[in-house]
Amino acid sequence: MNAGTIEIYRPRDVSTLGDWNIGGLKLKAYGLAADGRRIDDAMVTLAQSFVRQDVIPCVAAGGDSNGLGFVIVHPGSLGISISAHWWIQGSVLCQRNYRKLYTASEPMDAVRRPAIACVWELALINAEQEAWRKTMMKDKPDPLAYMEERAAFGTA
């Protein structure tokens with residue numbers, strides 16, 4: 001174990017970036033910022049482009065999409081992470097990640113380095129699975145209620 005790479009936990013700011021409808025996929029967009037970092041227009045544009053170019057083809061190829069999901073735009077301590085998530089088959093969460101170190105010219109290879117999420121992103125993912133279970137996994141699924149149900153803002 002390399003203990004030198006373990007961060008000390010400090011809460012990070014969580015914000016809403018609105019709702020996005022890209023390629024027929026309705027997404028709740030979240031911002032999650034490390035200390036001293038902020039989400040700017042270029043990051044939002046990058047995230048929307050990532051969804052359009054990389055995620056939507058995966059959604060279409062995989063099939064069984066419920067047409068709903070969420071995105072996390074996360075300028076972290078070392079780089080930017082964009083995680084796009086969508087629901088399939090009524091209870092399965094799929095994910096595509098974009099990760100790029102601030103010092104790198106190219107994004108990380110998500111196949112060779114198959115990271116799922118950091119501890120701060122996992123808090124938002126958990127809130128989203130609770131929202132899905134509460135609003136969609138019942139006798140009368142309510143997509144509108146799912147889109148309105150947001151993770152608590154403030155910190156993760």
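Residues numbered from 1 in each chain as written. Predicted model: local features only at pLDDT ≥ 70, side-chain atom pairs only at ≥ 80, totals over all residues. Heavy atoms only, no water.

On to the overall build of the protein chain, then. Summing up its helical and strand segments, the protein chain has three helices and six strands in all. Secondary structure elements of the protein chain, listed N to C terminal, follow the sequence β-β-α-β-β-β-α-α-β. Over its C-alpha atoms the protein chain spans a radius of gyration of 15 Å, differing by no more than 12% from the 15 Å that the globule rule assigns to 156 residues. Principal-axis analysis of the C-alpha atoms places the extent of the protein chain at approximately 50 × 35 × 30 Å. Classification of the 156 residues of the protein chain by burial places 37% in the buried group. Here the protein chain displays about 8800 Å² of accessible surface, and carbon together with sulfur accounts for 53% of that area. One finds the centroid of the 17 positive side-chain charges in the protein chain at a distance of 2 Å from the centroid of its 17 negative side-chain charges. (Helix = DSSP H or I, 4+ residues; strand = E, 2+ residues; numbered from the N terminus. Rg over C-alpha atoms; globule rule 2.2 N^0.38 Å. Buried < 20%, exposed > 50% of the residue type's maximum accessible area, 1.4 Å probe, protein only. Areas by Shrake-Rupley, 256 points an atom, 1.4 Å probe, with all protein chains shown as cover. Lys, Arg positive; Asp, Glu negative; His and termini not counted. Charge placed at Lys NZ, Arg CZ, Asp CG, Glu CD.)

Taken as a whole and judged by the stated rule, the model has four aromatic pairs. With centroids separated by 5.7 Å and ring planes inclined at 10°, the aromatic side chains of Tyr 9 and Trp 120 adopt a geometry described as stacked. With Tyr 9 in the segment before strand S1 (13-22) and Trp 120 in helix H2 (residues 119-135), this residue pair connects regions lying 111 residues apart in the sequence. A relative accessible area of 47% places Tyr 9 in the partly exposed class. (Phe/Tyr/Trp six-rings, centres within 6.5 Å; stacked < 30°, edge-to-face > 60°.)

With that out of the way, let us pick up the pattern of salt bridges. Within this structure, the stated rule accounts for six salt bridges. Notably, a salt bridge pairs Glu 7 with Arg 12, separated by 3.1 Å at the nearest N-O pair. Overall, the relative accessible area of 46% leaves Glu 7 in the partly exposed class. Under the relative-accessibility criterion, Arg 12 is labelled buried at 6%. Among the ionic pairs, Glu 121 bridges to Arg 99, the shortest N-O distance being 3.4 Å. With Glu 121 in helix H2 and Arg 99 in strand S5 (residues 92-101), this pair connects stretches of sequence that are 22 residues apart. As far as burial versus exposure is concerned, Glu 121 and Arg 99 are alike and both buried. (Salt bridge = Lys/Arg side-chain N within 4 Å of Asp/Glu carboxyl O.)

The values reported here are purely geometric and, on their own, carry no functional implication.
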